[in-house]
Amino acid sequence: MSHGWTVGDGTFDPIPQDKRRKRDVPYPTFVSHSYRARSALSSLQISRDAPIPLAALDVTCDHLWKCMPGEARRYLHIEKPNGPALWGNSEESKESMYNKMDDKKFHVNIDASNNQTEYRLYADLKKRPWVIWPLWVEDQWGKDYVTVIWYSENTAEDIDRFDQLRAYAIIDPRRSPDVDANQRHPPIQGRLDRIRARLFELWGKVGFQVQGAQSLNVLCSPMPFTEATSGERCFAVVKALVNQVIDWYTSGQQFNHSTTITSMTQWVNPFQQRIEMTGICAWILMATLDYNARIAVEAILPNTRWDVVADGNKKFVYPYDLAGPYEEPPIASYDYLLPPNQTYTAPK
């Protein structure tokens, strides 16, 4: 793009409008942030059930981190959404990604005195005690966002390096299609075990000491089989985890395996989360233009139809596809399992 900016839904390439003057179309100060926010906003307003792209989750989670109180923010790192190569079933994809990460041309200097280099991700994962990481996972059970959080400590020898892993949690909104003895759908143990193994492999490459690290049983409101709302639910989980980290800071920074990080709320409205994500992306896009722009609502003709492509499939989208679902989402059961009829009833 040159002097003009055309914001679309991503289906077609934007056309630069060179004849416009700078005073007519503001040029963004942070071009890369403008691209991300524009792409995120466009995808969120195609349809209420359009897939959540990694860019949308990246922009919105980064905003959540920036809105934290500064005293607590310095203890948390929210890593950019990542996947699916490291977390899926394909060993070939995983090894290919690790080969790229081991390539010295992608490394940065971490110690100027001895020219020691490291892949930037590895350095980022050790600079703060708390890390929240949304993962994009593709396997035989589906394509979903899974949220990981862990807590680590430093040592007296290197107070700026948090590589002593103490606890971690893997939070997956999808439930197994297979039922348990009570005809209820539990978490997918095969997926959780694979992600856990891949995390320990990554932690080993990063340089974490994992002896004695404890797995935390943290659950979130399950996603019904009729939905594909793991992105919205991941955003809700990240918000809740950020608040729990703030509570950890305000309560004296004493970590407790049982009470510091707990299961999420039993009720999540995915459409509510999507609306909030859309507003954040719109505001960030406006900010990258130095506020020489305003959020506007474009009037369109009724029954207008657009051609979009999602997951390789062509689809027709109409204006009312942005409207929320007709039925409100259910409240999760007390044990966060998914009943066969997808109704949630707490015990008497």
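Above this text you will find the structure in question.
Below, the structure is looked at part by part. (Residues numbered from 1 in each chain as written. Predicted model: local features only at pLDDT ≥ 70, side-chain atom pairs only at ≥ 80, totals over all residues. Heavy atoms only, no water.)

1. Digging into the side chain of R194
Step number 1: As for its placement among the helices and strands, R194 is situated in helix 6 (residues 189-206).
Step number 2: Accessibility expressed as a relative area gives 12% for R194, which makes it buried.
Step number 3: The residues contacting R194, other than those within four sequence positions of it, are W87, G88, N89, V137, D139 and W141. (Helix = DSSP H or I, 4+ residues; strand = E, 2+ residues; numbered from the N terminus. Buried < 20%, exposed > 50% of the residue type's maximum accessible area, 1.4 Å probe, protein only. Contact = heavy atoms within 4.5 Å.)

2. Considerations on the pairing of strand 6 (residues 164-171)
Step number 1: With seven of eight residues buried, strand 6 is to be regarded as a mostly interior element.
Step number 2: Sheet topology places strand 5 (residues 142-153) next to strand 6; seven bridges connect them, and they run antiparallel. Of the residues in strand 6, the one forming a bridge with I149 is A169.
Step number 3: Across two bridges, the pairing between strand 6 and strand 7 (residues 214-215) is parallel. The residue of strand 7 that forms the bridge with Y168 is S215. (Pairing = 2+ DSSP bridges.)

3. A look at the pattern of salt bridges
Step number 1: Within the structure shown, the criterion is met by 21 salt bridges.
Step number 2: With its nearest N and O atoms 3.0 Å apart, the salt bridge here joins D62 to K66. Of this pair, D62 and K66 both sit in helix 2 (residues 54-66), four residues apart, roughly one helical turn.
Step number 3: The salt bridge partner of D124 is K127, with a shortest N-O separation of 3.5 Å.
Step number 4: Judged by relative accessible area, K127 falls into the partly exposed class, the value being 38%.
Step number 5: In the salt-bridge network here, residues are joined through shared partners; they are D139, D144, D172, R174, R191 and R194. (Salt bridge = Lys/Arg side-chain N within 4 Å of Asp/Glu carboxyl O.)

4. With respect to the environment of V238
Step number 1: Looking at where V238 falls in the secondary structure, it is placed in helix 7 (residues 230-250).
Step number 2: Relative accessible area serves as the criterion here: at 0%, V238 is assigned to the buried category.
Step number 3: Between the C-alpha atom of V238 and that of M264, which follows or precedes it by 26 residues, the distance is 9.9 Å.
Step number 4: Setting aside residues no more than four positions away along its own chain, V238 makes contact with C61, L64, I78, I132, P134 and T147.

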